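Okay, here's what each chain looks like letter by letter:
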Amino acid sequence: MSNTRRDFLRGAVSATALGCAATITAMGQQDNTEKSRSAAPTQAKATAGRGPVVIGSVNAHPAACDKAMELLRQNTHPVDAVVAGINLVEDDPKDHSVGYGGLPNEEGVVQLDSAVMDGKTGKAGAVAALERIKNPSSVAILVMRRTDHVLLVGEGALRFARAHGFEEMNLLTPEARRIWLEWKETHSDKDDWIRPEADKAAKKTSWRRVDGENFTTGTIHVAALTAGGDIGCCTSTSGLSYKLPGRVGDSPIIGAGLYCDNEVGSCGSTGRGEANLQNCSSFLVVELMRQGRAPEEACLEVLRRVAAKAEPRLLEDDGAPLFDLRFYALRKDGSYGAAGMRKEGGIAVHDGTECKVIKAPALYPTKS
Ligand code: GLY
C-alpha cells in the first residue's frame with residue numbers, strides 16, 4: 001500500500017474523530033467529516049410515519065421481507081417476524097451463505113452462526129458454530145427466551161437445540177460439497193488433493209478472500225419496526241467459506257453483526273466478520289444514529305473507521321480494503337440506509353406496499 005493512501009486514511013480517521021465529537025456536542029448539525037473517494041451519500045429515505053417497515057440484506061428480497069411484513073401486519077412480535085422470514089432463506093439450498101446449503105469450513109463441515117435482538121427489552125440470544133440444525137435463528141430466539149444466557153456455542157448449542165426437538169440433518173448439499181472440493185483441490189499445488197482430469201482444463205478459480213461465486217462472507221440480516229415503534233432484528237450465516245473449524249464470525253455477536261435499541265433503531269451487517277468483531281460496528285452505527293447521523297451516513301462513517309484500521313495485507317495497492325463489508329440501518333422514525341465497503345449493492349426494503357431493493361453506495365466502489 002502506498003504511504004500516500006495510508007496517510008490519507010489516517011487523516012480521514014482523525015478528521016472523522018473530530019467530526020464525531022462535533023456531532024456529539026451539536027446533534028443534528030451537518031457532518032463535515034472528510035469523505036473518501038466514494039460519491040456523496042444519498043439522503044436517508046424516510047417512510048411516512050414509522051412502521052411497519054422491514055429492511056434487510058439483498059438476499060432478504062423478496063421472500064424474507066415479505067414474510068416478516070405479513071407477520072408484522074398480524075401483530076407478531078418483530079423478532080419472531082424477522083426470524084420467520086430468515087427461516088425461508090436458511091431453508092433454501094441455493095443460498096450458499098446461510099443455513100442448509102451454506103458453504104462449509106475447511107474440513108467440509110457446515111457450522112452456522114446466528115443472533116437475534118429485541119429492541120424493546122434489550123434482550124438477545126445467539127448460537128455459534130452450530131452444526132446439523134438448518135435454522136440457527138430459531139435456536140437463537142430460544143436462547144433469548146428460554147435460558148438465562150445470551151450465547152451458546154458448538155456442542156452445547158446442538159444439545160440445546162436437540163432438547164427443544166430440532167431435527168438434525170446433513171447441511172452440506174451436493175452443490176456445496178462440489179464447491180468445497182474445488183477449493184480443496186485447487187487452492188494449493190503443495191498438497192495431495194488433485195483435481196479430476198476432466199476439470200483440469202476448466203478456468204482456474206482465483207481464491208482471493210473476496211466474495212465471489214465460490215467464496216462468500218455472505219450472510220442474511222433482517223430488521224423490523226412495528227407500527228407501535230418496537231424493533232427486532234436477526235442475523236444468520238454459514239460464515240466465512242472454508243474457515244478454520246470453530247471460527248466464529250460477527251453474526252452471533254451482539255454489537256458486531258447486529259444491534260438494536262427501540263430508542264434509536266437497528267443495524268446489521270454482512271461481509272468480513274473479523275472487521276466487525278474488531279470495531280463493534282453495528283453498535284457503533286446505532287450510536288452514531290443516536291447522536292443524530294442519518295442511517296446511511298452512520299454506515300459510511302463506520303466503514304471509514306474500519307478501512308482506516310485495516311491491516312496492510314488486507315489492502316489493495318491503492319489502499320482500499322480488499323474485503324467487502326455492508327451495513328443495513330433502520331431508524332425508529334422509519335428511515336433507513338445502507339452502505340458497503342467495495343460493492344455498490346443495495347438494501348431490501350418493505351415499506352408496507354412491496355419489497356424493493358434500493359441502491360446503496362460503496363465507500364470504495366470496485367472499478368469494473
Ligand atoms: N459476516 C459473516 C461472517 O463473517 O461470518
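As the structure is a prediction and not an experimental result, all values here were calculated from the model.

Engineer: I tried to follow the overall build of the protein on my own but got confused; where do I start?
Structural biologist: Along the backbone of the protein there are 10 helices and 12 strands. When each of the 368 residues of the protein is scored for burial, the buried share is 56%. Taking the contacts inside the protein whose residues are at least 6 apart along the sequence as the reference set, 65% of them involve residues at least 24 apart. Accessible surface computed for the protein: about 15500 Å², of which carbon and sulfur atoms make up 52%.

Engineer: Honestly, empty space enclosed by the protein in this entry has me stumped. Any pointers?
Structural biologist: Gaps left between atoms are located by rolling a probe of water-molecule size over the structure's atoms. Within the structure shown, the criterion is met by 3 cavities of 30 Å³ or more. Put simply, the largest cavity is a space of about 60 Å³. Residue classes in the lining of the largest cavity are distributed as 1 nonpolar, 8 polar and 5 charged.

Engineer: Help me understand the site of the ligand, please; the structure alone is not making it clear to me.
Structural biologist: What surrounds the ligand is a group of 11 residues, the closest being Thr 219, Arg 247, Asp 250, Gly 271 and Gly 273. Separating an oxygen atom of the ligand from a side-chain N or O atom of Arg 247 is a distance of 2.6 Å. At a separation of 2.7 Å, a nitrogen atom of the ligand approaches a polar backbone atom of Gly 271. For the ligand, the cavity whose grid points lie within 2 Å of the majority of its atoms is the largest cavity. Across the shell around the ligand, the residue classes break down as 1 nonpolar, 8 polar and 2 charged.

Engineer: How should I be thinking about helix H3 (residues 78–90) in this particular structure?
Structural biologist: Along an α-helix, residues three or four apart share an orientation, since each turn contains 3.6 residues. Its 13 residues place the ends of H3 18 Å apart at the C-alpha level, agreeing with the 18 Å of an ideal helix rising 1.5 Å per residue. Of all the residues in H3, the buried ones are Pro 78, Val 79, Ala 81, Val 82, Val 83, Ala 84, Gly 85, Ile 86, Asn 87, Val 89 and Glu 90. Against helix H2 (63–73), strand E2 (112–118), helix H4 (136–146), strand E5 (220–225) and strand E6 (231–237) lie the buried residues of H3.

Engineer: How should I be thinking about the nonpolar core in this particular structure?
Structural biologist: One recurring pattern in soluble globular proteins: nonpolar side chains tend to sit buried together. Core analysis: the largest hydrophobic core is formed by 47 residues, its most contacted members being Ile 55, Val 285, Leu 303, Phe 323, Leu 325, Phe 327 and Met 341. Of all the elements, helix H10 (residues 295–309) adds the most residues to this core, at 7 residues. Ignoring sequence-local partners within four residues, the contact set of Leu 303 consists of Leu 325, Phe 327, Ala 339, Gly 340, Met 341 and Leu 363. Formed by 26 residues, the second largest nonpolar core is a distinct cluster that contains Met 69, Ala 84, Ile 86 and Cys 355.

Engineer: How should the packing of H3 against H4 be read in this particular structure?
Structural biologist: Angle between the axes and distance between the axes are the two parameters that describe a pair of packed helices. Contact pair H3 / H4: the axes reach a minimum separation of 8 Å and the direction vectors enclose 155°. Considering their axes alone, H3 and H4 lie roughly antiparallel with respect to each other. Counting all contacts with H3, which are made through Val 79, Asp 80, Val 83, Ile 86, Asn 87 and Glu 90, the residues of H4 involved are Pro 136, Ser 137, Ser 138, Ile 141, Met 144 and Arg 145. Considered class by class, the residues forming the contact of H3 with H4 number 6 nonpolar, 3 polar and 3 charged.

Engineer: Just checking my understanding: could you explain the pattern of salt bridges for this structure?
Structural biologist: When the charged atoms of two side chains with opposite charge come close together, those side chains can pair. Scanning the model with the defined rule gives 25 salt bridges in all. For Arg 326, the salt bridge goes to Asp 324, with nearest N and O atoms at 3.3 Å. Each member of the pair, Arg 326 together with Asp 324, is buried. Between Asp 333 and Arg 331 there is a salt bridge, and its shortest N-O distance comes to 2.9 Å.

Engineer: Help me out: how do you make sense of the sheet that holds strand E10 (residues 336–340) in this one?
Structural biologist: The strand order across the open sheet formed by 4 strands is E7-E8-E9-E10, and the pairing between neighbours is antiparallel. One side of each edge strand has no neighbouring strand; the edge strands of this open sheet are strand E7 (258–261) and E10. The mean angle between the axes of side-by-side strands here comes to 10°, regardless of whether they run parallel or antiparallel. Sheet topology places E7 next to strand E8 (residues 265–271); 4 bridges connect them, and they run antiparallel. By the bridge assignment, Tyr 259 is partnered in E8 with Cys 267. Against the sheet, helix H9 (residues 281–290) touches E7, E8 and strand E9 (325–331), its axis set at about 145° to E8.

Engineer: Explanation requested: the packing of aromatic side chains in the structure shown.
Structural biologist: Any two aromatic rings considered together are summarised by their centre-to-centre distance and by the angle between their planes. Overall, the coordinates contain 3 aromatic pairs when judged by the stated rule. Here the aromatic rings of Trp 180 and Trp 193 are separated by 6.4 Å at their centres, their planes lie at 65°, and the arrangement is edge-to-face. With a gap of 13 residues between them, Trp 180 in helix H6 (residues 174–186) and Trp 193 in the loop between H6 and helix H7 (197–200) connect regions that are remote in the sequence. For Trp 180, a relative accessible area of 9% corresponds to the buried category. Assessed through its relative accessible area of 39%, Trp 193 is described here as partly exposed. The lysine or arginine in question, Arg 272, covers the ring of Phe 323, its NZ or CZ lying 5.6 Å from the ring centre.

Criteria and thresholds
Residues numbered from 1 in each chain as written. Predicted model: local features only at pLDDT ≥ 70, side-chain atom pairs only at ≥ 80, totals over all residues. Heavy atoms only, no water. Helix = DSSP H or I, 4+ residues; strand = E, 2+ residues; numbered from the N terminus. Buried < 20%, exposed > 50% of the residue type's maximum accessible area, 1.4 Å probe, protein only. Contact = heavy atoms within 4.5 Å. Areas by Shrake-Rupley, 256 points an atom, 1.4 Å probe, with all protein chains shown as cover. 1 Å grid on protein atoms, 1.4 Å probe; cavity = no way out; pocket = protein on both sides within 12 Å on 5 of 7 lines; lining within 4 Å. Points joined across faces, edges and corners; volume = space filled by probe spheres on them. Nonpolar A, V, L, I, M, F, W, Y, C, P; charged D, E, K, R; others polar. Near = heavy atom within 4 Å. Polar contact = N/O pair within 3.5 Å; in protein donor to acceptor, adjacent residues only side chain to side chain. Sits in = over half its atoms within 2 Å of the grid points. Expected span 1.5 Å × (residues − 1). Core = buried A, V, L, I, M, F, W, Y, C linked by side-chain atoms within 4.5 Å. Axes fitted to C-alpha atoms, helices over the stretch in contact; angles between N-to-C directions. Parallel < 35°, antiparallel > 145°, perpendicular 65-115°, else oblique. Salt bridge = Lys/Arg side-chain N within 4 Å of Asp/Glu carboxyl O. Pairing = 2+ DSSP bridges. Phe/Tyr/Trp six-rings, centres within 6.5 Å; stacked < 30°, edge-to-face > 60°. Lys NZ or Arg CZ within 6 Å of the ring centre and 35° of its normal.

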